[in-house]
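Now for the letters of each chain:
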Amino acid sequence: MNQRPEKSIYPELNINQLQQIEADILKFWKDKAIFQKSLDSKEPDNRFNFYEGPPSANGMPGIHHVVGRTYKDLFCRYKSLQGFAVPRKGGWDTHGLPIELQVEKKLQITKEDIGKKISIEDYNQACKETVLEFQHVWESLTEQMGYWLDLENPYITYKNEYIESVWHIVKEIANKNLIYRGYTIQPYSPAAGTGLSTHELNQPGAYKEVSDTTAVACFEILEIDKVNAAFGISIEKAFFLAWTTTPWTLPANTALALGPEINYSIVKSLNPYTKEVQHYILATDLIEQWFDAKHLLEKDKNLEEKEYLVLAQTKGKQLSQIAYHQLMPFEANAPQKINGACFHTILGQFVTTTDGTGIVHIAPSFGADDRKVANENGIGELKLVDLSGKFIDGLDWLSGRYVKDYKDEQDYKAPDIDIVISLKTQGKAFNVKKYIHSYPHCWRTDKPIIYYPLDAWFIRTSQIKSQLINNNHKINWYPESTGSGRFGQWLENIQDWNFSRSRFWGIPIPIWIDESQENFMTIGSISELKALIEESLSSNLLNETEKQDNRKFLDKLHSADIDLHKPYIDWVTLVQGDKKYKRVSDVLDVWFDSGAMPYAQHHYPFSMDDANLQKFFPADFIAEGVDQTRGWFYTLHVLSTILFDTPAYKNVISNGLLLDSQGEKMSKRKGNVVDPFKAIETYGADSLRWYIVSNSAPWENIKFDLKGVEETKRKFFGTLVNTYSFFTLYANLDQFIYEENEFKPTHELDRWILSKLNSLILEVASHLDDYDSFKAIRAIQNYLDRHLSNWYVRLSRRRFWKNYETQDKIDAYQTLYLNLVTLSQIMSPFAPFLSDWLYINLTKSHHQVAKRNTNYTLESVHLSNYPKANLDLIDLELEKTVDMAQNICSLGLSLRKKEKIKVRQPLNKILIPILKEEDEALIRKIEALVKAELNIKTIDIVPPNSGLFQKKAKPKFKELGKILGKDMGKAQEIIQAWTTEEISKIETMSEFDLDVNGKTYRIHSAQIEILTDDMPGFTVARDQGITIALDLTLDQSLIEEGIARELVNRIQNFRKEAQFEVTDRINITLDTIGNTEFDKAIETYRTYIMEEVLADNLSMTALPKDSESIDINDIYINWKIFKI
RNA sequence: AGUCUCAUAGCUCAGUUGGUUAGAGCGCUACACUGAUAAUGUAGAGGUCGGCGGUUCAAAUCCGCCUGAGACUACCA
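What counts and how
Residues numbered from 1 in each chain as written. Chains lettered and ligands numbered in written order. Predicted model: local features only at pLDDT ≥ 70, side-chain atom pairs only at ≥ 80, totals over all residues. Heavy atoms only, no water. Helix = DSSP H or I, 4+ residues; strand = E, 2+ residues; numbered from the N terminus. Rg over C-alpha atoms; globule rule 2.2 N^0.38 Å. Contact = heavy atoms within 4.5 Å. Areas by Shrake-Rupley, 256 points an atom, 1.4 Å probe, with all protein chains shown as cover. Lys, Arg positive; Asp, Glu negative; His and termini not counted. Charge placed at Lys NZ, Arg CZ, Asp CG, Glu CD. Pairing = 2+ DSSP bridges. Axes fitted to C-alpha atoms, helices over the stretch in contact; angles between N-to-C directions. Buried < 20%, exposed > 50% of the residue type's maximum accessible area, 1.4 Å probe, protein only. Phe/Tyr/Trp six-rings, centres within 6.5 Å; stacked < 30°, edge-to-face > 60°. Lys NZ or Arg CZ within 6 Å of the ring centre and 35° of its normal. Near = heavy atom within 4 Å. Polar contact = N/O pair within 3.5 Å; in protein donor to acceptor, adjacent residues only side chain to side chain. Arc of directions from axis to C-beta. Disulfide = S-S within 2.5 Å. Parallel < 35°, antiparallel > 145°, perpendicular 65-115°, else oblique. Left-handed = near helix turned anticlockwise from the far one by under 90°. Nonpolar A, V, L, I, M, F, W, Y, C, P; charged D, E, K, R; others polar.

**Student:** Hey, could you run me through the overall build of chain A in this one?
**Tutor:** Scanning chain A from N- to C-terminus turns up 36 helices and 38 strands. Relative to its length of 1124 residues, chain A is extended, with a C-alpha radius of gyration of 41 Å against a globular reference of 32 Å. On the principal axes, the C-alpha backbone points of chain A span a range of 125 × 90 × 60 Å. For chain A, long-range pairs separated by at least 24 residues make up 76% of all intrachain contacts whose partners lie at least 6 apart in sequence. In the form shown here, chain A has an accessible surface area of approximately 49600 Å², with 47% of it arising from carbon and sulfur atoms. Put simply, chain A has 131 plus and 156 minus side-chain charges, and the middle of one group is 1 Å from the middle of the other.

**Student:** How should I be thinking about unusual backbone geometry in this particular structure?
**Tutor:** Of the consecutive residues lysine 566 and proline 567, the connecting peptide bond is found in the cis state with omega at 0°. Looking at the secondary structure, you find proline 567 in the loop between helix H16 (544-558) and strand E20 (573-576). Residue proline 605 follows tyrosine 604 across a cis peptide bond; omega there is -5°. For proline 605, the location among the structural elements is in the loop between helix H18 (597-600) and helix H19 (610-613). Positive phi, close to 60°, is recorded for lysine 275, a residue that is not glycine. Looking at the element boundaries, lysine 275 is found in the loop between strand E8 (263-270) and strand E9 (277-283).

**Student:** Can you help me understand the sheet that holds strand E21 (residues 579-583) in this one?
**Tutor:** Adjacent strands of a sheet form backbone hydrogen bonds with each other and so pair up, either parallel or antiparallel. The four strands are arranged E19-E18-E21-E20 in an open sheet whose pairing can be described as antiparallel. Here the strands that pair on one side only, and so sit at the sheet edges, are strand E19 (520-522) and E20. Each strand of the sheet is rotated relative to its neighbour by a mean of 30°, with strand direction disregarded. The pairing of E20 with E21 spans four bridges and is antiparallel. Across the sheet, residue threonine 573 finds its bridge partner in E21, namely lysine 582.

**Student:** Just to check I follow, could you spell out the side chain of glutamine 1007 for this structure?
**Tutor:** With respect to the helices and strands, the residue glutamine 1007 is situated in the loop between strand E31 (999-1004) and strand E32 (1008-1012). Glutamine 1007 has contacts with Pro955, Lys956, Glu959, Leu960 and Ile963, leaving out every residue within four places of it along the chain.

**Student:** Explanation requested: the sheet that holds strand E24 (residues 649-655) in the structure shown.
**Tutor:** On the basis of which strands lie adjacent, the open sheet formed by three strands has the order E15-E24-E23 and parallel pairing. With one partner strand each, in any of the chains shown, strand E15 (476-478) and strand E23 (619-625) form the two edges of the open sheet. For this sheet, the mean inter-axis angle between neighbouring strands, taken without regard to orientation, is 15°. Sitting on the sheet, helix H3 (residues 63-81) is in contact with E23 and E24, with an inclination near 160° to E23.

**Student:** Before we go on, may I ask you to explain the environment of threonine 646 in this structure?
**Tutor:** Tracing the backbone shows threonine 646 in the loop between helix H20 (632-644) and E24. The exposure class of threonine 646 is partly exposed, given its relative accessible area of 24%. Sequence separation of threonine 646 and phenylalanine 617 is 29 residues, and the distance between their C-alpha atoms is 9.8 Å.

**Student:** How should I be thinking about the packing of aromatic side chains in this particular structure?
**Tutor:** Two aromatic rings are characterised by how far apart their centres lie and by the angle between their planes. Scanning all chains against the criterion turns up 61 aromatic pairs. Relative to phenylalanine 430, the ring of tyrosine 280 lies with its centre 5.0 Å away and its plane at 65°, an arrangement referred to as edge-to-face. Note that tyrosine 280 is positioned in strand E9 and phenylalanine 430 in strand E13 (residues 429-440), a separation of 150 residues in sequence. Relative accessible area serves as the criterion here: at 0%, tyrosine 280 is assigned to the buried category. Exposure remark for phenylalanine 430: the relative accessible area of 6% places this residue in the buried category. Seen from their ring centres, tyrosine 817 and tyrosine 856 are 6.4 Å apart, and the 65° between their planes marks the pair as edge-to-face. Here the residue tyrosine 817 occupies a position in helix H26 (residues 807-826), and tyrosine 856 occupies one in the loop between helix H27 (832-849) and helix H28 (876-899), the gap between them amounting to 39 residues. Among the residues examined, tyrosine 817 registers a relative accessible area of 0% and is labelled buried. Residue classification places tyrosine 856 among the buried positions, given a relative accessible area of 10%. Taken together, the aromatic side chains of Tyr10, Phe726, Phe727, Tyr730, Phe736, Tyr738, Phe800, Tyr813, Tyr817 and Tyr856 make up a single cluster linked through ring pairs. Across from the ring centre of phenylalanine 616, 4.4 Å away, lies the NZ or CZ of arginine 47, which sits over that ring.

**Student:** What should I look at first to understand the protein's contact with RNA strand B in this one?
**Tutor:** The full set close to RNA strand B counts 63 residues, and Trp243, Val360, Arg904, Gln1052 and Val1062 are the nearest of them. For RNA strand B, the backbone makes up 59% of the atoms found within 4 Å of the protein, where backbone means sugar plus phosphate. Measuring from a base nitrogen of RNA strand B, one finds a backbone N or O atom of serine 789 at 2.2 Å. Ranked by the residues each element gives to the surface near RNA strand B, the list is headed by helix H25 (residues 773-801), at nine residues.

**Student:** Looking at this structure, I do not really get helix H32 (residues 968-976). What am I missing?
**Tutor:** Note that an α-helix has 3.6 residues per turn; residues three or four places apart therefore point the same way. Of the positions making up H32, those classed as buried are Met968, Ala971 and Ile975. For H32, the arc enclosing every buried residue in end-on projection is 60°, short of the 170-degree limit, so these residues lie on one face. Taken together, the buried residues of H32 touch strand E29 (951-955), helix H31 (957-964), strand E30 (991-996) and E32.

**Student:** What is the right way to look at the state of the cysteines in this model?
**Tutor:** Working definition of a disulfide: a covalent bond connecting the sulfur atoms of two cysteines. All chains considered together, the criterion is met by zero disulfides. There is no disulfide at cysteine 218, and the cysteine sulfur nearest it, in cysteine 342, is 20 Å away. Accessibility expressed as a relative area gives 1% for cysteine 218, which makes it buried.

**Student:** Quick question: what am I supposed to make of helix H30 (residues 927-934) here?
**Tutor:** What H30 keeps buried is the set Glu927, Leu929, Val930, Glu933 and Leu934. Down the axis of H30, the buried set is contained in an arc of 165°. They therefore lie on one face. With respect to the buried face of H30, the exposed residues turned more than 90 degrees away are Ala928 and Ala932. Check the buried side of H30 and you find it contacts helix H24 (748-769), H25, H28, strand E27 (907-913), helix H29 (919-925) and strand E28 (936-942). After H30 finishes, the residue asparagine 935 shows a positive phi value of roughly 55°.

**Student:** Explanation requested: the packing of helix H34 (residues 1036-1057) against helix H36 (residues 1086-1093) in the structure shown.
**Tutor:** Two quantities define a packed helix pair, namely the angle between the axes and the distance from one axis to the other. Between H34 and H36, whose axes approach to 10 Å, the crossing angle comes to 25°. Taken together, the axes of H34 and H36 lie roughly parallel to each other. Judged by the sense of rotation from one axis to the other, the crossing of H34 with H36 is right-handed. Residue-level contacts link Ala1044, Arg1045, Leu1047, Val1048, Ile1051, Gln1052 and Arg1055 of H34 to Tyr1088, Ile1089, Glu1092 and Val1093 of H36. Its residues assigned to classes, the contact of H34 with H36 comprises seven nonpolar, one polar and three charged.

**Student:** Is there a simple way to explain the pairing of E8 in this structure?
**Tutor:** As a general feature of sheets, a regular strand has side chains that alternate between the two faces. Most of E8 sits inside the fold, with seven of its eight residues counted as buried. Where E8 lies against strand E10 (residues 308-315), seven bridges are found, and the strand directions are antiparallel. For tyrosine 264, the partnering residue across the bridge sits in E10 and is threonine 314. Pairing geometry for E8 and E9, over seven bridges, is antiparallel. Across the sheet, residue lysine 268 finds its bridge partner in E9, namely histidine 279. Linkage of E8 to E9, two consecutive antiparallel strands, is achieved through a turn of six residues, within which lysine 275 is found at a positive phi near 60°.

Following this line, the structure appears as structure tokens:
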């Protein structure tokens, strides 16, 4: 062995250094602008476009953000390695409700205070300051986790350029006549005077258990003939029964809905309040809900109280379009006030018989479902409650009363009560009772909400449904099911997109509407706005204030501090023709902001023309959480379909969610959140990333457990560090430097691991091309752990120990080096830090000797090219053979274990029976390996027909199943019962007849699988078709060799404990205390022992009794060992 | 309520187009190995593949229903 050199070529590496390495590499990337170089070094038109879904930086990032970003970074780095330029512009989502709510909380105000206690200007300023409050934290996480993203020039959605692009898009959509004004039924809080988002409704505690008055109302039928016809009866008067938990909506009733396939009965009974005999229609299944079955009569008679009779039954579809009398007619809800048909029955699939009467009271302005079914049937609607929650004028005794107690009035009486009393006295109520149910409440006022029609702007997405679906088919979804299922289903049932929000902090909708509320115009750019303002100023339609405001805005436009947000934009009043246009005060849905990102991030079309945009559009790849399906994924898709009729992205991963180790969603409330910074600090970003990716496929949920990260670090990175350390230990001693051009491996192990390596290169690439990072990373793990470390290195160790330069040793170095460098490249998308460290430190030495610029002389692994598989080096036959060797060794070791014979004790031979002559050559190839690994002298191969072992046969089910069909089971029994002789006979034939259940089948021998079984007289082990037997007899020479090996082992342990250097030489004195067997063993193996332990002298002398002693197979000897 | 996903060892997960001993890692137990050593090997215990039914010669795998977990959307008259 060479002397330890002064300088190491390859620095040492320890598992505890990983965090320091990450910090060093980060600094290196920054100092040398490696990210920028990775973009610049590629052919600019060979682009792989990635879109970053903008996070909002108004809060701390969580560990789940690391998950999505790991996948984003992984595939971008991989594509970069493959030679693509992968621009990755960062972005920040800056608008939206969560931010507004956060600011309201911070300022301790509510929405109503905005514009009163605080000016919109100040409010929006506060939002702007809040929204990027945590930007530096996000940037620091991005950096620390190794997510390469252009943070220098991010797109920010509140910037004027961004807003202008969005305006352009809104105008484009308007130009296609896809924008209209309408209203939506939204949760509305009369107490707070504001609409609520579903998000607010989902606040904990928003749903409360309340006790409400419910009523079953009786709607008297007008067209009784139709009822008689449908039931085949003849009566004069009948009622539909409909149940409601909100009697106050009954004046607004305009229709009744029945289920087409539901059975309805007509029941004769007394009205419980008026005691009149009447006929009622309700769902058959629900009769017993309202009538006591024990009072059911078989035959008609004079009805007593509670008694009832079922006259006839029919399907709901027979009862459609039947007119009824209005339940509660007033002036304000007279038919002429209704903008459509009214007071007849309609059919709705949503009607169920789970509760109520199977007939649903429809008040279209107070329920989304109601409105939908009403629209479909041309039913009109009534808005009988104003925005403060009061009944409007024209409703007699109801007018002016609050629907619910919004004001905490002293003597408040719910209109519900008066309504049901009124119905009772008129014989229009069948049942009235209290009912406890959960109902949404306003989280600010604690008052019940109502569903109320509010003005809103829509994009006619339903009109472009087929385009949307068609374009969705062009997208590769990972997993596929999200695209066809969740997203596809959503598109199939698409509703028009309500893209307006009556909030303040958002992109102002660039729409101006005239006083009639019928005409509107859309502004698509700042210059257009400017021109129109100037034009409007010359019109005499504007009053002085309006002109002043316009001028004020114009001044702002000309100055540098122009801000397109509210309130400034609301100053603008426009004139066109003879009409004055005021701006719609709403802002855009934030999802519109992010969906516009492909265009707005480039300030398209103002700073980038169409031709250039096409270079960055559509995205080749995006990745976000599955919860974005109806968020970002959707709005990207809608906008690109409208603008260019193409998808906005070609490949999309919808990654799963991050749950805690119990499978529960992480939330601050539960206190089960994991701090990403802490995780990175403790285990390193590489370990964290590796854990995430190797845990499951990207689209599966992850049950996150820090213990798993630790295990990853220990298992994978520990093994990697060990393998590298092994290499450097000897490579430094021998001053090894890789020579790339002259390498022709000859050693079986070298050829094998290189074959494995090249197979790995192909396998990883093919999985990553499928966006299956999980399979890719598992392949890498398997290769490193099972093949490179635990087989190649373990078996090759002796080759590195050799004392002199041989071709074999150089080959071993070359092979291991090649594996390590290639591995650093393959794993670089997954573990960008350590892989770069490895690459840099392994290739540094190579830079000087390299004759040209190659894949191994680059500044960083991330600038290198994905290794090209050398197909010539892939030898599947060899890979299979080594698999067999591993198998044999494992079997051999298990036999030794069973027989309690240490591996250090050499044994004479093992026996391996083979079924085909050609297998012998295979085994001979790996003979040396197996012999060394199992510490045996020879391998005896037992030829097929030696009669020494038994055979077993098994049908090949896949092939024979088709032929034998039902007889398969019986055939299996027959075949497995065959004796060794019968099997041997079958083997000589290519085909034979098999009788099963009286039928004869012609079967090929190849359709039978033959296995080796027992070897009588030997202890055998069997697995995967291989059987081995171990010869356990020990002779004197084997025992002596065993002693020598034990001694070497003890001396090596001593050297280690005494912390001798690997190269230190020693002197040994031994005293066997008269044990002649030991004396003889040591004499025989003297040279072997001295070589193994680097001893210059080995003397056998008596030592003092109190000398250090050592135990070998329960025999004690004394020794003395010196370092020279 | 609708749409979708998931359910395999104590834990985290594999299991290709259905094919006969259902695998790996962790953890546990025992033994071994050890000049890569906070590493490693071998072995053991641990599974009616969520339940029921169906298709098939053959089901963890395909189909139906149910149960449980989760996501999104909507909302209960």
